[in-house]
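Observations on chain architecture
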Amino acid sequence: MEIVEKKIKLGNLDLLAFLGFNDANLSVLESRFDTTITVRGDMVLLRGEPAETAAIEKIINEMIYMVQRNGSLVPKDVETIIDLVGGGRADAQLQGQDLDEVILFAKENVVKARGEKQKEYYRTVRENDIVFAVGPAGTGKTYLAVAMAVAAYRNREVTKLVLARPAVEAGESLGFLPGDLKEKIDPYLRPLYDALDDMIPSEKLKSMMEKRGIEVVPLAYMRGRTLNNAYIILDEAQNATQMQMKMFLTRIGANSRAIITGDLTQIDLPKNVESGLVQAERILRGIEGIGFVYFDKADVLRHRLVKEIIKAYEDHGVTGGV
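Source: prediction; values computed, not measured. (Residues numbered from 1 in each chain as written. Predicted model: local features only at pLDDT ≥ 70, side-chain atom pairs only at ≥ 80, totals over all residues. Heavy atoms only, no water.)

1. What about the overall build of the protein chain?
- A count of helical and extended segments in the protein chain gives 12 helices and 11 strands.
- A burial count over the protein chain gives 48% of its 322 residues as buried.
- When contacts within the protein chain are restricted to residue pairs at least 6 apart in sequence, those whose partners lie at least 24 apart make up 70%. (Helix = DSSP H or I, 4+ residues; strand = E, 2+ residues; numbered from the N terminus. Buried < 20%, exposed > 50% of the residue type's maximum accessible area, 1.4 Å probe, protein only. Contact = heavy atoms within 4.5 Å.)

2. Quick notes on the confidence of the model for the protein chain
- On average, the protein chain scores 83 in pLDDT, and the residues at 70 or more come to 84%.
- For the stretch residues 87–97, pLDDT sits under 50, and the model shows 22 contacts to residues farther than four places along the chain or on other chains. (pLDDT = per-residue confidence, 0-100.)

3. Points about the packing of aromatic side chains
- Using the criterion set out here, one finds three aromatic pairs in the structure.
- Where tyrosine 121 meets phenylalanine 295, the ring centres are 5.5 Å apart and the plane angle is 85°; that geometry is what we call edge-to-face. One end of the pair, tyrosine 121, is in helix 6 (residues 115–127); the other, phenylalanine 295, is in the loop between strand 11 (290–294) and helix 12 (304–315), with 174 residues separating them in the sequence. Residue tyrosine 121 shares its accessibility class with phenylalanine 295, and that shared class is buried.
- For the ring pair phenylalanine 132 and phenylalanine 292, a centre distance of 4.8 Å and an interplane angle of 10° mean the geometry is stacked. (Phe/Tyr/Trp six-rings, centres within 6.5 Å; stacked < 30°, edge-to-face > 60°.)

4. Some details on the nonpolar core
- Core analysis: the biggest nonpolar cluster contains 37 residues, and Tyr121, Met148, Leu196 and Tyr231 have the highest contact counts within it.
- Looking at which element gives the most residues to this core, the answer is helix 7 (residues 141–154), with nine residues.
- Formed by 25 residues, the second largest nonpolar core is a distinct cluster that contains Val134, Val162, Ala240 and Phe292. (Core = buried A, V, L, I, M, F, W, Y, C linked by side-chain atoms within 4.5 Å.)

5. Focus: the side chain of arginine 251
- Here arginine 251 is to be found in the loop between helix 10 (242–249) and strand 10 (257–262).
- For the buried arginine 251, which has no salt bridge, the nearest side chain bearing the opposite charge is glutamate 215, at an N-O separation of 13 Å.
- Only 2.7 Å separates the side chain of arginine 251 from the backbone oxygen of methionine 247, close enough to count as a polar contact.
- Every residue in contact with arginine 251, bar those within four places of it in the chain, is listed here: Met222, Gly224, Arg225, Thr226 and Leu227. (Lys, Arg positive; Asp, Glu negative; His and termini not counted. Salt bridge = Lys/Arg side-chain N within 4 Å of Asp/Glu carboxyl O. Polar contact = N/O pair within 3.5 Å; in protein donor to acceptor, adjacent residues only side chain to side chain.)

6. Quick notes on the sheet that holds strand 11
- Taking strand neighbours across the sheet as the criterion, the six strands line up as 8-7-9-10-6-11 in an open arrangement whose pairing is parallel. Each of the sheet's edge strands pairs with one partner strand only, and the pair in question is strand 8 (214–218) and strand 11. Strand-to-strand twist of the sheet, defined as the mean angle between neighbouring strand axes without regard to direction, takes the value 15°.
- In terms of strand pairing, strand 6 (residues 130–134) meets strand 10 through five bridges, oriented parallel. Looking at the pairing, alanine 133 lines up with threonine 261 of strand 10.
- Helix-sheet contacts for helix 6 involve strand 6, strand 9 (230–234), strand 10 and strand 11, and the interaxial angle to strand 11 is about 170°. (Pairing = 2+ DSSP bridges. Axes fitted to C-alpha atoms, helices over the stretch in contact; angles between N-to-C directions.)

7. Here's the deal with helix 10
- Every buried residue of helix 10 is listed here: Gln244, Met245, Met247, Phe248 and Leu249.
- The inward-facing, buried residues of helix 10 contact strand 6, strand 9, strand 10 and helix 11 (276–283).

8. Let's talk about the pairing of strand 6
- Of all five residues in strand 6, five are buried; the element is thus mostly enclosed.
- Both faces of strand 6 are covered, namely the face carrying Ile130, Phe132 and Val134 and the face carrying Val131 and Ala133.
- Of the strand pairs in this sheet, strand 6 and strand 11 are connected by five bridges, and their pairing is parallel. Its bridge partner being in strand 11, valine 131 is matched across the sheet by glycine 291.

9. A few points about the environment of leucine 16
- Among the structural elements, leucine 16 can be located in helix 1 (residues 15–19).
- For leucine 16, a relative accessible area of 61% translates into the label exposed.
- C-alpha of leucine 16 to C-alpha of leucine 73: the two residues are 57 residues apart in sequence and 9.3 Å apart in space.

10. Here's the deal with unusual backbone geometry
- A positive phi angle, close to 65°, is found at arginine 212, a residue other than glycine.
- One can find arginine 212 in the loop between helix 9 (202–210) and strand 8.

11. Points about the sheet that holds strand 1 (residues 4–9)
- Spatially, the three strands line up as an open sheet ordered 1-3-2, and their pairing is antiparallel. At either margin of the open sheet sits one strand with a lone partner, and together these are strand 1 and strand 2 (36–40). The average angle at which neighbouring strand axes cross in this sheet is 20°, direction not considered.
- Direction of pairing for strand 2 relative to strand 3 (residues 43–48): antiparallel, over a ladder of five bridges. Note that in strand 3 the partner of arginine 40 across the bridge is methionine 43.
- Its contacts with the sheet put helix 3 (residues 50–70) on strand 1, strand 2 and strand 3, and the angle it makes with strand 1 is roughly 10°.

Structure representation (C-alpha cells):
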C-alpha cells in the first residue's frame, strides 16, 4: 500500500478558529478518515494513501477559506465540507456495495456482513445495547464486533473503545512471566490487536491507544470502572467466571454498548466452575435491549477446509482447540 506525506501551510490563520474548541474540527477530520493528521505550528502534516490525502487537502483548503471569510468554523461546517468535497478511498469502495451490509471501510477493504447469519448479527447489534454472539471459531464473531465498534467510534457515536479478554490460560502464573505488564498480557490479547490492525492504519492505531481512545485489556483489569460513551467488547467470554461476567456487564455506563463473544465448546475453566457465558445465556434471555445470536459450524468463513476439519474432530469426539 502506497503511503504519501503532504504538508499544508496555514500561514497567519486563526488556529483556534481553524481547529475548533478542544480541537473539535480536527476530531471530525480524524473520525472520517484513516490518514494521520498532525498540526505543528502553522503546518498541517498528512500521512496516508494518495487518494485520501488528496481529498483531505481539498477539505482543509475549504476550511481555511471559511475561516478567512467568516472568522469562525464549527464541526458541523467541517462535516458539510467533507460531504461536499467527498473523494478518497471510501468513495471508491462504495462502488457496487450494498450499503445495508457494509460495516466499515477498513485499511484495504470493506468489512461487510457476509451470509444470512452475519447479517442477522449486524441487525441484532444495531437493535440492542448488549449482544451475545455464541458459536465456533471462524464465524466472524470477534472480527465483526471490532469492526462495528471501530465504525461507531469513527461516527462519533462513542468516544472510547474497550476490548477485553480473560487471560485464563495464564492462570496464577501471570505474575511470574518475564517482562513488564504489557509484555505479559499481550499474547492473550493478540487476536484483538490483529483485528484492530486490519482496520486502522498502524500510526493512527498507536496514537489512539496512546491517547487511551482504544484500550485492549485483560478482563480482570476492568474491575471498579464505569465506562460511559464507550463500545465494549468481551472476547472468549466462555472463559469468564460467573462473577467476572457480572462484573463486566455492570461496567456499562451511559451511552455505552457491549458485544460479548464466546464459544461454548472451548471452555478452559476448571470442571467445577460454571462459565459466566453459560449462566448469562440462561438468566438474561428475554430482557429488552439484550440480544443473542447463535452461529454453528455451517457459518464458518475461514479456509474451505476448516468446516471439514471441525466436523472430522467432532466425529471423533474431540471438541475445542479452534
